[in-house]
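# A structural walkthrough
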Amino acid sequence: MSTVLEVKNLRKTFGSHRRKGQQLIAVDDISFTLAAGETLGLVGESGCGKSTTGKIILSLLKPDSGQILFDGQDLTRLSQRELKPYRRKLQMVFQDPFSALNPRQTIGEILTEPLKIHQLSDRKSNHKRVTQLLEQVGLDGETLHRYPHEFSGGQRQRIGIARALAVEPQIIVADEPVSALDLSIQAQILNLLSDIQQQQGLSYLFIAHDLAVIEHISDRVAVMYLGRIVELTSVKTLYSQPGHPYTEALLNAIPKPEPGHKGQKPHIQGEVPSPLAPPPGCHFHPRCPYAEAICRQTQPRLTDLGQQHLVACHFSHKVGRFSPSMADNS
Ligand code: SF4
């Protein structure tokens with residue numbers, strides 16, 4: 001599969017650069033690629049930098065340093081005017097479809113707006129195109145005169161997806177697109193996104209905190225912790241042989257249906273530290289059952305364990321060999 005997007009050494013901080021201790025490192029030197037027709041899941045706890053990463057890719061935020069390479073262009077270096085054709089190619093689907101849709105506009109107006117902005121349709125063909133978009137996302141094409149509040153949460157998310165599709169993007173950044181929906185509706189929206197991807201060869205950067213959702217939709221997964229990618233691999237490898245203690249703990253935190261499950265494997269201990277004062281060395285060390293002295297001093301590099309299974313841990317070989325007595329580390 002050919003690469004459509006390459007993120008290189010992206011870094012983003014918030015707050016004063018001069019006042020020591022007031023700088024929040026939201027994204028800390030992350031790199032990854034996205035292939036045509038691929039879904040890359042970006043997972044981690046709240047505040048790990050995954051949504052900030054999505055916003056930088058969409059040029060809604062400017063990074064401090066690093067590159068976003070799309071179609072041979074570094075998007076971080078383009079002016080607002082130069083960005084316009086690229087904005088069309090990279091679209092977003094939001095978590096809360098209701099607040100993302102203008103309540104005073106009909107669905108027809110909402111879907112016609114991006115067509116006008118990017119001059120993709122004329123007055124005569126707008127109606128046909130909007131009807132086609134609604135039908136593509138499983139809604140009745142005749143509903144275009146109705147308002148957002150007349151639709152259910154799942155239907156509004158379908159409208160949000162139709163709006164993103166209107167401008168014929170190559171990449172969709174979906175930020176927690178199903179987390180506000182009921183479980184049964186979540187599955188319908190995930191299946192819809194998969195069907196559209198197969199029809200159109202779209203690439204998705206799919207941001208979520210829910211590992212079951214990530215497993216359902218992703219080809220590869222990047223796990224983020226306090227602004228850094230700590231593991232990046234295929235969905236199959238991640239769920240069967242995690243290489244990072246944080247990934248292992250996230251997977252162990254998924255409720256197990258089997259009777260007799262005693263939960264003796266490592267679960268995540270403690271809270272995520274403040275990104276204003278992340279722990280030195282490996283940021284995960286205060287919560288890690290495998291931590292040793294080196295972890296408190298030296299940041300582990302993201303290293304390929306083989307077959308493009310990237311892990312940032314000094315002791316990845318220990319993962320999966322946990323004994324409960326190790327849990328007192330913190
Ligand atoms: Fe745990 Fe050390 Fe690996 Fe960090 S580097 S995840 S603290 S074992």
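Let us look at the overall build of the chain. A count of helices and strands for the chain gives eleven helices and twelve strands. Taken against the 2.2 N^0.38 rule, which gives 20 Å for 330 residues, the C-alpha radius of gyration of the chain at 21 Å falls within 12% of a compact globule. Expressed as lengths along the three principal axes of its C-alpha atoms, the size of the chain is roughly 70 × 55 × 35 Å. Across the 330 residues of the chain, 49% fall into the buried class.

For the rest of this paragraph, the subject is the pairing of strand β1 (residues 3-14). Sheet topology note: the β1/strand β2 (residues 24-35) ladder contains nine bridges and is antiparallel. Of the residues in β2, the one forming a bridge with T3 is A35. Pairing geometry for β1 and strand β4 (residues 65-70), over five bridges, is antiparallel. By the bridge assignment for β4, V7 is matched with I68.

If you walk through the whole model with that rule in mind, you get eight salt bridges. Across the pair D28 and R11 runs a salt bridge whose closest N-O atoms are separated by 3.1 Å. A residue pair is termed long-range when its members are at least 10 positions apart, and D28 in strand β2 and R11 in strand β1 qualify at 17 residues. By relative accessible area, which is 12% here, D28 ends up buried.

In the region of the ligand, 13 residues are neighbours, and C282, C288, C295, C313 and H314 sit closest. Cavity membership is defined here by more than half of the atoms lying within 2 Å of grid points; on that basis the ligand lies in the largest cavity. Its residues assigned to classes, the shell around the ligand shows ten nonpolar, three polar and no charged.

The full count for this structure, using the stated rule, is three cavities of 30 Å³ or more. In this structure, the largest cavity occupies an estimated 80 Å³ of space. The wall of the largest cavity is formed by 13 residues, among which C282, C288, C295, C313 and H314 lie closest to the centre. Residue classes in the lining of the largest cavity are distributed as ten nonpolar, three polar and no charged.

Scoring rules and cut-offs
Residues numbered from 1 in each chain as written. Predicted model: local features only at pLDDT ≥ 70, side-chain atom pairs only at ≥ 80, totals over all residues. Heavy atoms only, no water. Helix = DSSP H or I, 4+ residues; strand = E, 2+ residues; numbered from the N terminus. Rg over C-alpha atoms; globule rule 2.2 N^0.38 Å. Buried < 20%, exposed > 50% of the residue type's maximum accessible area, 1.4 Å probe, protein only. Pairing = 2+ DSSP bridges. Salt bridge = Lys/Arg side-chain N within 4 Å of Asp/Glu carboxyl O. Near = heavy atom within 4 Å. 1 Å grid on protein atoms, 1.4 Å probe; cavity = no way out; pocket = protein on both sides within 12 Å on 5 of 7 lines; lining within 4 Å. Sits in = over half its atoms within 2 Å of the grid points. Nonpolar A, V, L, I, M, F, W, Y, C, P; charged D, E, K, R; others polar. Points joined across faces, edges and corners; volume = space filled by probe spheres on them.

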